[in-house]
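# Understanding the architecture of this molecule
Spelled out from the first residue to the last, the chains are:
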Amino acid sequence: NKEKYLWPSLPLLSEGLSILALSESTAQNLVSKDLEGHVVGTTNGYTYPTSLMRNKKISKDVSRTDAVQLKKLMSRRIQYAIINTTPAQLMINADPALRGKIKIVGSVELSLLYLNFSKKHADSPRLLAAFEKGLKAIQSNGTYARIRRDFNERLGLLP
């Protein structure tokens, strides 16, 4: 994508790729290597780190959606589910059948998400500069942190 887009120096967001288990699990602070010897859910079409996908000691069970992964976890068809942190928390909080029964027990990675600007658009350099200036301003004056905190509180997400 570097040939097609202008990239800002700072990411807009960071998002965790979480390892989820049933709440009764005693597992904590897991990383990819800890999944060896277990049946782990992934979602078809999603991108996962090479270290996870090429590890033949991890048995992967591919689901059509993240929601299907959570159902498989609840029915004990898989031992762990790998889902982005925010969507996982939103799905768990929205479903009384899942709430309190599934928890985050580790992390595969933290992804940095960028807002990119097309090199085909003549105004992209100016827009990129304006975006970076604005993002730096709201990060330094506390507005960005307040927006994230308010977002998390409104959606019932963990800090």
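All residue numbers here refer to positions counted from 1 along the written sequence of the relevant chain. Note on the predicted model: pLDDT of at least 70 is required for a residue's local features to be given, and 80 or more for side-chain atom pairs to be given and counted; whole-chain, interface and lining totals, by contrast, use all residues. Where side-chain values are given, they derive from all heavy atoms of the structure, hydrogens and water being excluded.

Turning to the packing of aromatic side chains, a few remarks are in order. Classification of ring pairs rests on two measures: the distance between centres of Phe, Tyr or Trp rings, Trp counted by its six-membered ring, which must be within 6.5 Å, and the angle between planes, read as stacked under 30 degrees, edge-to-face over 60 and tilted in between. Under the counting rule described, the total for this entry stands at 2 aromatic pairs. Each ring, one from Phe117 and one from Phe131, has its centre 5.9 Å from the other, and the planes form 55 degrees; the classification is tilted. Of this pair, Phe117 sits in strand S7 (residues 117-118) while Phe131 sits in helix H4 (residues 124-140), and the two are 14 residues apart along the sequence. Residue class for Phe131 comes out buried when judged on its relative accessible area of 17%. For helices the rule is a DSSP run of H or I covering at least 4 residues; for strands it is a run of E covering at least 2, with both sets numbered from the N terminus onward. Burial classes follow relative accessibility: with a 1.4 Å probe on protein chains only, a residue under 20% of its type's maximum area counts as buried, one over 50% as exposed, and anything between as partly exposed.

This part is about the pattern of salt bridges. Here, a salt bridge means any side-chain nitrogen of Lys or Arg that lies within 4 Å of a carboxyl oxygen of Asp or Glu. Here the structure, examined in full by the defined rule, presents 4 salt bridges. Close ionic contact of Arg76 with Glu24 constitutes a salt bridge, the shortest N to O distance being 2.8 Å. Linking Arg76 in the loop between helix H2 (66-74) and strand S5 (80-84) with Glu24 in the loop between strand S2 (13-22) and strand S3 (39-43), this pair joins segments that are 52 residues apart in sequence. Comparing Arg76 with Glu24 shows no difference in burial state: the two are exposed. With a shortest N-O distance of 2.5 Å, Asp61 and Lys72 are connected by a salt bridge. Pair noted here: Asp61 is in strand S4 (residues 59-63) and Lys72 is in helix H2, with a separation of 11 residues, a long-range link. For the pair shown, Asp61 and Lys72 are each scored as buried.

On the basis of which strands lie adjacent, the open sheet formed by 5 strands has the order S4-S3-S5-S2-S6 and mixed pairing. Strand pairing shows two members of the sheet lacking a second neighbour, S4 and strand S6 (102-113), which therefore form its edges. Recorded for the sheet is a direction-independent mean angle of 25 degrees between the axes of neighbouring strands. Two residues form a contact once any of their heavy atoms are found within 4.5 Å. Only the stretch in contact is used when a helix axis is fitted, and all axes are lines through C-alpha atoms; the angle between N-to-C directions ranges over 0 to 180 degrees. Where H2 meets the sheet, its contacts fall on S2, S3, S4, S5 and S6, and the angle it forms with S5 comes to roughly 155 degrees. Strand pairing is assigned whenever DSSP identifies at least 2 bridges connecting the two strands.

Turning next to the side chain of Thr42. Here Thr42 shows up in strand S3. Not counting residues up to four positions away in its chain, the partners in contact with Thr42 are Tyr48, Lys60, Asp61, Val62, Ser63 and Gln69.

Extensive coverage of S3 is indicated by the burial of 4 of its 5 residues. Examined bridge by bridge, S3 and S4 share 5 bridges and lie parallel to one another. Considered in S4, the bridge of Val39 is made with Ser59. Pairing between S3 and S5: 2 bridges, direction parallel. Note on S5: the bridge partner recorded for Val40 is Tyr80.

Attention now moves to the confidence of the model for the chain. Reading fine detail from the predicted coordinates is not recommended where pLDDT is low. Confidence of the predictor in every single residue is expressed as pLDDT, which spans 0 to 100. Model confidence for the chain is summarised by a mean pLDDT of 95, while 99% of its residues fall at 70 or above. Confidence, expressed as mean pLDDT per element, reaches its minimum in the chain at helix H5 (residues 143-155) with 91 and its maximum at S3 with 98.

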